[in-house]
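# Analysis of the macromolecular model
One letter stands for each residue in the lines below.
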Amino acid sequence: MIKVRREEVIHVEGWAEIRRLHRAEQIPIRAIARHLGISKNTVKRALAHDGR
């Protein structure tokens, strides 16, 4: 069995939305992931790479 990793591409608007929801609205990572339909790891990655 071969596992295929699904790539999730987030555009600039998506990164900005993640940052806004997490910082301004104080929404947890899990809730952001659910709201946007992306993985928690993707949200964490977006927040970790903020400011680069």
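Data block above holds the structure.
Residues numbered from 1 in each chain as written. Predicted model: local features only at pLDDT ≥ 70, side-chain atom pairs only at ≥ 80, totals over all residues. Heavy atoms only, no water.

### What about helix α3 (residues 40–48)?
Within α3, burial applies to Thr42, Val43, Ala46 and Leu47. All buried residues of α3 project into a common sector of 135 degrees when viewed along the axis, lining one side. Looking at the buried residues of α3, the elements they touch are α1 (12–23) and α2 (29–36). (Buried < 20%, exposed > 50% of the residue type's maximum accessible area, 1.4 Å probe, protein only. Helix = DSSP H or I, 4+ residues; strand = E, 2+ residues; numbered from the N terminus. Arc of directions from axis to C-beta. Contact = heavy atoms within 4.5 Å.)

### Thoughts on the nonpolar core
The biggest cluster of nonpolar side chains holds 9 residues, and these are Ile10, Ile18, Leu21, Ile32, Ala33, Ile38, Val43, Ala46 and Leu47. Of all the elements in the fold, those that place two or more residues in this core are α1, α2 and α3. Sequence-distant contacts of leucine 21, defined by excluding residues within four places in its chain, comprise Gln26, Ile27, Ile32 and His35. (Core = buried A, V, L, I, M, F, W, Y, C linked by side-chain atoms within 4.5 Å.)

### Points about unusual backbone geometry
Across residues other than glycine, the phi torsion is negative in most instances, and most of the peptide bonds are trans. Positive phi is not limited to glycine here, since glutamine 26 has a value of about 60 degrees. Relative to the helices and strands, glutamine 26 is located in the loop between α1 and α2. Relative accessible area serves as the criterion here: at 64%, glutamine 26 is assigned to the exposed category.

### A word on the packing of α1 against α2
Interhelical geometry of α1 versus α2 gives an angle of 140 degrees and a closest axis separation of 10 Å. As far as their axial angle goes, α2 and α1 are oblique. Remark: the crossing between α1 and α2 carries right-handed chirality. The residues of α2 that touch α1, namely those facing Glu17, Ile18, Leu21 and His22, are Ile29, Ile32, His35 and Leu36. For the contact of α1 with α2, the per-class residue count stands at 5 nonpolar, 2 polar and 1 charged. (Axes fitted to C-alpha atoms, helices over the stretch in contact; angles between N-to-C directions. Parallel < 35°, antiparallel > 145°, perpendicular 65-115°, else oblique. Left-handed = near helix turned anticlockwise from the far one by under 90°. Nonpolar A, V, L, I, M, F, W, Y, C, P; charged D, E, K, R; others polar.)

### Quick notes on the side chain of threonine 42
Structurally, threonine 42 is set in helix α3. On the basis of relative accessibility, which here comes to 4%, the residue threonine 42 falls in the buried class. Polar contacts involving the side chain of threonine 42 include one to the side chain of serine 39, which spans 2.8 Å. (Polar contact = N/O pair within 3.5 Å; in protein donor to acceptor, adjacent residues only side chain to side chain.)

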